[in-house]
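# Descriptive analysis of the structure
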Amino acid sequence: MKSELELYFELHESQDEPLIWDRVAEKLGCLPEELPALSVKKRSLDARGRRVRWLLTIGEPMPFDPERFALRTVQGNPVIIIGAGPAGLFCAHALARYGIKSLIFERGKKVQARRRDLKGLTQHGLVNPDSNYCFGEGGAGTYSDGKLYTRSHKRGSVRDVLEILVTHGAPESILVEARPHIGSNRLPKVVTAIRENLESVGVDIHFESKVSDLIVERGRAIGVRLESGVEHRGQSVVVATGHSSRDMFEALQRAGAHLEAKPFAMGVRIEHPQPLINRIQYGSDAGNPILPAAPYRLAYTPSDGRGAFSFCMCPGGWIVPASTEAGALVMNGMSLSRRDSPYANSGFVVAIHPSDWARHGLESPWGGLELQRRMEQAAWEAGGGGLCAPAARATDFVKKRVSSDLPSTSYQPGIRPADLDSVLNASGVPIADRLREALLVFDQKMPGYLTEEAVLVGVESRTSSPVRVIRDPVTLESISLPGLYPCSEGAGYAGGIVSAAIDGVAVAERIHFTRH
């Protein structure tokens, strides 16, 4: 047979193993007992026709040998890693496979200890600037859904990343599902297992250890200085912080790293009742217990290229406060593994380019950060302080009016009617008008999407880093500061758990290569 075979199955058929292999045998013109060793390599839903069907990709089994990722006892002059998110952890993991020692410094707390600060954030509006949805063990993805879908297949092995996660307790289904997802209830245990495995071979991980500066000697980055004043030296420094570590950009520039502005996106979270999205996406099949909560992905690009799109869509999910600073309000979304919340939410954002802040006289590379701050502070004020969020029904927003009341929401700190135009346009970019235009287009693509049951909650401003730390495309080393390896989302080279992990592995491979 050819390398892969794709077959459609009705919803009730996809769980009938004998039927699946009978159908495969029929397609190949043989008896079921004559089939070669085959397995389901990919499983996805196809809702494009009149009925929803499963599409299974059949092929030769892919070997899964956890021993392939066995770690060695680490030794020698260490690599310093800033950040214990997916990039930092997977970088350390890849280095340990070669026996190379690393020291990880994370400003936040261990994954379980973060829970108390998240409770204080959602229930009491208390923002801990070093322990929140963005900072802490596992990074932003740990308590913000655990989505594993990525398009970064050309950057490295997605399969390797998924297998390492499975080795540490993630469900094996992520190796097959077209849109793999762990969930914020399961991912903390996986992250803990990875950390314990690293520690067992001698990797040192320091929590509540915020890096304030890099140590540069003879023109080379060789260590870090903590906020406490303690210094640690090694052979090189990997910066694997997230897109919200704004103070790290300043430390990098002081050390001599070259930074540049990069495009990103800002907007709101939009929330619908999940049953409504199910009806739009699944039609008459909506309500079938076999079907998961329906996702969607939407984009609109007008002639000027400044479009709007959905981002980080969370079916059966929750909107959560992702603020990292007092007096500023930021939204994000998450789902548990079962995705059984009655709500569906997604980022609904507009592309922002460096030219948008240049016309306001803002200096690059800091202009994008300033636009974020302006909008986040405006959202805080419009929400009335605390973490109450400004919001509007989608139908009222299109008509440029403040809602008289609001539908129920998954956002625990609460929402209040507000003039979202003034919040969104506080950045100086006409975000509100672009979102309005896109809403009308999205309603044509998904009839019923624009409804009074949908609510826009502000603001979603941390989609990616507005700053890039420039590195050599081959060596992955800073072009201006030898020994520094800018990595992952905060450095402008990844977006999401898997792509960040891949980038961390790529940096580890380059470090190993330069040593040998």
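Figured I'd write up the structure that's included with this text. (Residues numbered from 1 in each chain as written. Predicted model: local features only at pLDDT ≥ 70, side-chain atom pairs only at ≥ 80, totals over all residues. Heavy atoms only, no water.)

### Notes on the overall build of the protein
Stated formally: Strands are runs of DSSP state E lasting at least 2 residues, helices are runs of H or I lasting at least 4, and numbering of each runs from the N terminus. For every residue, the accessible area obtained with a 1.4 Å probe (protein chains only) is divided by the maximum for its type, and the residue is called buried under 20%, exposed over 50%, and partly exposed between those limits. By definition in these notes, contact holds between two residues if any of their heavy atoms fall within 4.5 Å. Method for areas: the Shrake-Rupley scheme with a 1.4 Å probe, in which residue coverage is limited to the protein chains shown.
Summing up its helical and strand segments, the protein has 13 helices and 22 strands in all. With the C-alpha coordinates of the protein rotated into their principal frame, the extents come out at 65 × 65 × 45 Å. Each of the 516 residues in the protein was classed as buried or not, and the buried ones make up 56%. Counting contacts in the protein only where the partners sit at least 6 residues apart, residues at least 24 apart contribute 70% of the total. Looking at the protein as shown, the accessible area adds up to about 21200 Å², and 48% of this sits on carbon and sulfur atoms.

### Quick look at the pattern of salt bridges
Heads up, the rule is: Counted as salt bridges are all cases of a side-chain nitrogen of Lys or Arg within 4 Å of a carboxyl oxygen of Asp or Glu.
Taken as a whole, this structure holds 34 salt bridges when the rule is applied. A salt bridge links R43 to E177, with the shortest nitrogen-to-oxygen separation between them at 3.2 Å. Of the two residues, R43 sits in strand 2 (residues 39-46) while E177 sits in the loop between helix 4 (158-167) and helix 5 (187-200), which places them 134 residues apart along the sequence. By relative accessible area, R43 is classed as buried at 18%.

### Things to note about the sheet that holds strand 20 (residues 455-460)
To be explicit about the condition: In this description, strands pair whenever DSSP reports at least two bridges between them. For helices, the axis comes from a line fit to the C-alpha atoms of the stretch in contact; other axes are also lines fit to C-alpha atoms, and the angle between any two N-to-C directions lies between 0 and 180 degrees.
Taken together, the 7 strands give an open sheet; going across it, the order is 13-14-17-12-20-18-19, and neighbouring strands pair in mixed fashion. In this open sheet, the two edge strands, each paired with only one partner strand, are strand 13 (299-300) and strand 19 (415-417). Running over the sheet, helix 7 (residues 274-282) touches strand 12 (264-273) and strand 17 (343-352) and is turned about 95° from strand 12. Helix-sheet contacts for helix 9 (residues 367-382) involve strand 12, strand 17, strand 18 (389-393), strand 19 and strand 20, and the interaxial angle to strand 12 is about 35°.

### Quick notes on the pairing of strand 18
It is a general feature of regular strands that their side chains alternate between the two faces of the sheet. Counting buried positions along strand 18 yields 5 of 5 residues, so the element is predominantly enclosed. Because side chains alternate across strand 18, one face comprises the buried residues A389, A391 and R393, and the other comprises P390 and A392, equally buried. Pairing of strand 18 with strand 19 involves 3 bridges; the strand directions are parallel. Residue pairing in the sheet places P390 in a bridge with R416 of strand 19.

### Digging into the nonpolar core
To keep things clear, this is the line we draw: The set of buried Ala, Val, Leu, Ile, Met, Phe, Trp, Tyr and Cys residues whose side-chain atoms join them within 4.5 Å is what this entry labels a nonpolar core.
Grouped together as the largest cluster of nonpolar side chains are 70 residues, with contacts concentrated most on F348, F397, L424, I431, L435, L439 and Y449. The dominant element in this core, judged by the number of residues it contributes, is helix 12 (residues 431-445), at 7 residues. For F397, the residues in contact, after removing those within four places along its chain, are A392, L420, D421, L424, A432, L435, R436, L439 and L456. Judged by nonpolar contacts, the second largest core, of 51 residues, contains V79, V191, F207 and V238.

### Some points on the packing of helix 4 against helix 13 (residues 497-515)
For any two helices packed against each other, one specifies the inter-axial angle together with the distance between the axes. Put simply, the test is: Angles are sorted into four bins: roughly parallel if under 35 degrees, roughly antiparallel if over 145, roughly perpendicular if 65 to 115, and oblique for all others. Lys, Arg, Asp and Glu make up the charged group, whereas Ala, Val, Leu, Ile, Met, Phe, Trp, Tyr, Cys and Pro make up the nonpolar group; the residues left over, Gly among them, are polar.
Running from N to C, helix 4 and helix 13 point in directions that differ by 105°, and their axes come no closer than 9 Å. In terms of their interaxial angle, helix 4 and helix 13 are classed as roughly perpendicular. For the pair formed by helix 4 and helix 13, the contact residues are V158, V161 and L162 on the first element and V498, A501 and I502 on the second. Among the residues making up the contact of helix 4 with helix 13, the classes are represented as 6 nonpolar, no polar and no charged.

### Here we look at the sheet that holds strand 8 (residues 220-226)
Reading across from one edge, 7-8-9 is the order of the 3 strands in this open sheet, with antiparallel pairing throughout. At either margin of the open sheet sits one strand with a lone partner, and together these are strand 7 (211-217) and strand 9 (231-233). Geometrically, the sheet is characterised by an average inter-axis angle of 30° between neighbouring strands, direction not taken into account. Pairing of strand 8 with strand 9 involves 3 bridges; the strand directions are antiparallel.

### Details of the environment of L329
Looking at the secondary structure, you find L329 in the loop between strand 15 (317-321) and strand 16 (331-335). On the basis of relative accessibility, which here comes to 0%, the residue L329 falls in the buried class. Sequence separation of L329 and F207 is 122 residues, and the distance between their C-alpha atoms is 25 Å.

### Regarding the packing of aromatic side chains
Under the convention used in this document: Think of it this way: a Phe, Tyr or Trp ring, Trp meaning its six-membered ring, pairs with another when their centres are within 6.5 Å, and the plane angle makes it stacked under 30 degrees, edge-to-face over 60, tilted otherwise. Placement of a charge over a ring requires the Lys NZ or Arg CZ to be within 6 Å of the ring centre, with the centre-to-atom vector within 35 degrees of the ring normal.
Applying the stated rule across the entire model yields 4 aromatic pairs. Look at F442 and Y449: their rings are 6.0 Å apart centre to centre, the planes differ by 80°, and that puts the pair in the edge-to-face class. When sorted by exposure, F442 lands in the same class as Y449, which is buried. Each residue in the set Y296, F348, F442 and Y449 is aromatic and connected to the rest through ring pairs, giving one cluster. One residue, R107, lies across the ring of F135, its end atom 4.2 Å from the ring centre.

### Overview of a negative patch on the surface
This is how the line gets drawn: A patch consists of residues exposed above 30% relative accessible area that lack any salt bridge, with like charges linked at up to 9 Å and nonpolar side chains (Val, Leu, Ile, Met, Phe, Trp, Tyr) linked at up to 5 Å. Charge counting follows a simple rule: Lys and Arg are positive, Asp and Glu are negative, and His as well as the terminal groups are ignored. Just so you know, the charge point we use is NZ for Lys, CZ for Arg, CG for Asp and CD for Glu.
The grouping of D16, E17, D22 and E26 at the surface amounts to a negative patch. Tracing the backbone shows D16 in the loop between strand 1 (4-10) and helix 1 (17-28).

### Brief notes about the pairing of strand 8
Most of strand 8 is tucked away: 5 of the 7 residues are buried. In terms of strand pairing, strand 7 meets strand 8 through 6 bridges, oriented antiparallel. Pairing of I215 across the sheet is with G223, part of strand 8. Where strand 7 folds back on strand 8, the antiparallel hairpin that results is connected by 2 residues, among which R218 adopts a positive phi of roughly 55°. Where strand 8 folds back on strand 9, the antiparallel hairpin that results is connected by 4 residues, among which G229 adopts a positive phi of roughly 100°.

### Notes on the environment of A508
Here A508 lies in helix 13. For the pair A508 and L420, spaced 88 residues apart in the sequence, the C-alpha separation amounts to 44 Å.

### Section: unusual backbone geometry
Between G458 and V459 the backbone carries a cis peptide bond, its omega angle lying at 0°. Relative to the helices and strands, V459 is located in strand 20. Backbone geometry places R218, a non-glycine residue, at a positive phi of 55°. Inspection of the secondary structure assignment puts R218 in the loop between strand 7 and strand 8. You can call R218 exposed: its relative accessible area is 85%. Phi at L476 is positive, roughly 65°, even though this residue is not glycine. Here L476 lies in the loop between strand 21 (467-469) and strand 22 (484-486).

### Section: the side chain of E489
Under the convention used in this document: Residues adjacent in sequence count toward polar contacts only when both atoms are side-chain atoms; beyond that, a polar contact is any pair of N or O atoms within 3.5 Å, and within protein one must be able to donate a hydrogen and the other to accept it.
For E489, the location among the structural elements is in the loop between strand 22 and helix 13. Within the buried set, E489 has no salt-bridge partner at all; the shortest N-O distance to an opposite charge, 8.3 Å, is to K262. Polar side-chain contacts of E489 include one of 3.4 Å to the backbone nitrogen of G496. Leaving out residues up to four positions away in the same chain, E489 has contacts with T241, H243, T463, S465, A494, G495 and G496.

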